[in-house]
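The primary structure of each chain is shown beneath.
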Amino acid sequence: MKYIKTVIWVACFPFFLMSCDSDDGTSVNSTSAIVEFQESQMTVKESTQFVTIPIIIDSEGQRNGDVSFRVTMKENDGSLKLNRDVILTTENYRTPAGVNSINFEVALNVNNKEPELGRFIIFQIEELTGAKAGTKSECKLNLTEINFIEGIYQLRGSNPIQEEWVEGSMNITTQDHTMNQVFLDFGLGNPVPLHFEEVIPNRLYKVTIEPNALAGQYNGNDVFMATFTYNMKNNSITYEPDKPINILFEIKEKESGEELLFTFLDGFGLMSLDEEGNAEWYEYDVYLRMATATKDN
């Protein structure tokens, strides 16, 4: 009888070992570990099509096995549906020992023409094996509206240095759906703030740019957006360090929709300062007054 009991114990021993392993034979972590989002909140614009949200696996010392968990869409503002508006590229994750972070990836299809403020999605980490959920087990993804003023504008005007009519482009960006945080971005690293003053609601605005607005850097030099006075007789420009740039912004109705129009009431350009404080203009980025920038909506 004692022999039979020993055989039974030996036969059952592998099953006790398997209780520490996952179903496919890989080991499960038994050390102290937590899983959580790197940030509890993120904000993206509704035009965003793909979002990457970092998830951290934190442990005291080296883990001795895998950590598994699932990420789900817990809730949203009520306007979004899973697998239609929100697509999770992967729901179930397994991270082996030594891997301390992964990226949770989400495809979005939430862009529309209707103004819908306050839209959000909450993702949740759940069904953990080999770890516990941390304090940031949920991540709220806030969706902000596209501001109608955003986009690439066609810039046209007369260049006094080149002495010809020139065309270019400028990029308008915003940080919300209002006209309070609008920027002119030249791609140099420091978007220039535009200050709007409403003249006719939803139609006409006065816009100003502060004197010597920093636009970023080029070849290690600070680049400023500044204005000048133009002398037609000798075709020369004189740097005006203390003068703002004045602009009109119009929303014009067309048969095909709306045209957005910036009209620069002052000459402007991009320039850097030499060691003596003299302006060195970038000759391809200088425009006389009444230059325009347009975009169709």
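Residues numbered from 1 in each chain as written. Predicted model: local features only at pLDDT ≥ 70, side-chain atom pairs only at ≥ 80, totals over all residues. Heavy atoms only, no water.

Student: Explain the overall build of the chain to me, please; I cannot follow it from the model alone.
Tutor: When its secondary structure is counted, the chain shows one helix and 23 strands. Here the C-alpha atoms of the chain give a radius of gyration of 30 Å, more than 25% beyond the 19 Å that 2.2 N^0.38 yields for 297 residues. The buried share of the chain, taken over its 297 residues, is 36%. Contacts in the chain between residues far apart in sequence, at least 24 positions, make up 62% of those at least 6 positions apart. Surface exposure of the chain reaches about 17200 Å², of which carbon and sulfur atoms provide 49%. Positive and negative charge centroids in the chain, built from 23 and 45 side chains respectively, lie 9 Å apart. (Helix = DSSP H or I, 4+ residues; strand = E, 2+ residues; numbered from the N terminus. Rg over C-alpha atoms; globule rule 2.2 N^0.38 Å. Buried < 20%, exposed > 50% of the residue type's maximum accessible area, 1.4 Å probe, protein only. Contact = heavy atoms within 4.5 Å. Areas by Shrake-Rupley, 256 points an atom, 1.4 Å probe, with all protein chains shown as cover. Lys, Arg positive; Asp, Glu negative; His and termini not counted. Charge placed at Lys NZ, Arg CZ, Asp CG, Glu CD.)

Student: For this particular structure, what's the right way to read the confidence of the model for the chain?
Tutor: Detailed reading of predicted coordinates is not advised where the pLDDT is low. Looking at the chain as a whole, the pLDDT averages 88, with 90% of positions reaching at least 70. Note on residues 1-21: pLDDT is under 50 here. Beyond four places in sequence and across chains, it has six contacts. (pLDDT = per-residue confidence, 0-100.)

Student: Honestly, the sheet that holds strand β9 (residues 132-133) in this entry has me stumped. Any pointers?
Tutor: Hydrogen bonds between backbone groups are what pair the strands of a sheet, and the pairing can be parallel or antiparallel. Taken in spatial order, the five strands make up an open sheet running β5-β7-β3-β1-β9, and their pairing is mixed. Both outer strands of the open sheet, β5 (86-88) and β9, are each paired with one neighbouring strand and no more. When β5 meets strand β7 (residues 101-108), the two strands line up antiparallel, connected through three bridges. By the bridge assignment for β7, I87 is matched with A107. (Pairing = 2+ DSSP bridges.)

Student: Can you walk me through the side chain of T227 in this structure?
Tutor: Looking at where T227 falls in the secondary structure, it is placed in strand β17 (residues 221-231). There is a polar contact of 2.5 Å between the side chain of T227 and the backbone oxygen of G267. Sequence-distant contacts of T227, defined by excluding residues within four places in its chain, comprise T238, Y239, E240, K243, P244, I245, D266, G267, F268 and W281. (Polar contact = N/O pair within 3.5 Å; in protein donor to acceptor, adjacent residues only side chain to side chain.)

Student: Could you clarify how one ought to interpret the sheet that holds strand β15 (residues 204-209) in this entry?
Tutor: As summarised here, the arrangement of the eight strands in space is β11-β12-β13-β14-β15-β19-β20-β23, forming a closed barrel in which the pairing is antiparallel. Taken over all neighbouring pairs, the strand axes of this sheet differ in orientation by 30° on average, direction set aside. Across three bridges, strand β13 (residues 182-185) lies against strand β14 (residues 192-200) in antiparallel orientation. Bridge pairing links V182 to L194 in β14. (Axes fitted to C-alpha atoms, helices over the stretch in contact; angles between N-to-C directions.)

Student: I would appreciate a short explanation of unusual backbone geometry in the present structure.
Tutor: Across residues other than glycine, the phi torsion is negative in most instances, and most of the peptide bonds are trans. The phi dihedral of E127 falls on the positive side, at around 50°, and the residue is not glycine. On the secondary structure map, E127 appears in strand β8 (residues 119-129). On the basis of relative accessible area, E127 is assigned to the exposed category, the value being 52%. Here N235, not a glycine, exhibits a phi torsion of approximately 50°, which is positive. Here N235 is to be found in the loop between β17 and β18 (236-240). For N235, a relative accessible area of 26% translates into the label partly exposed.

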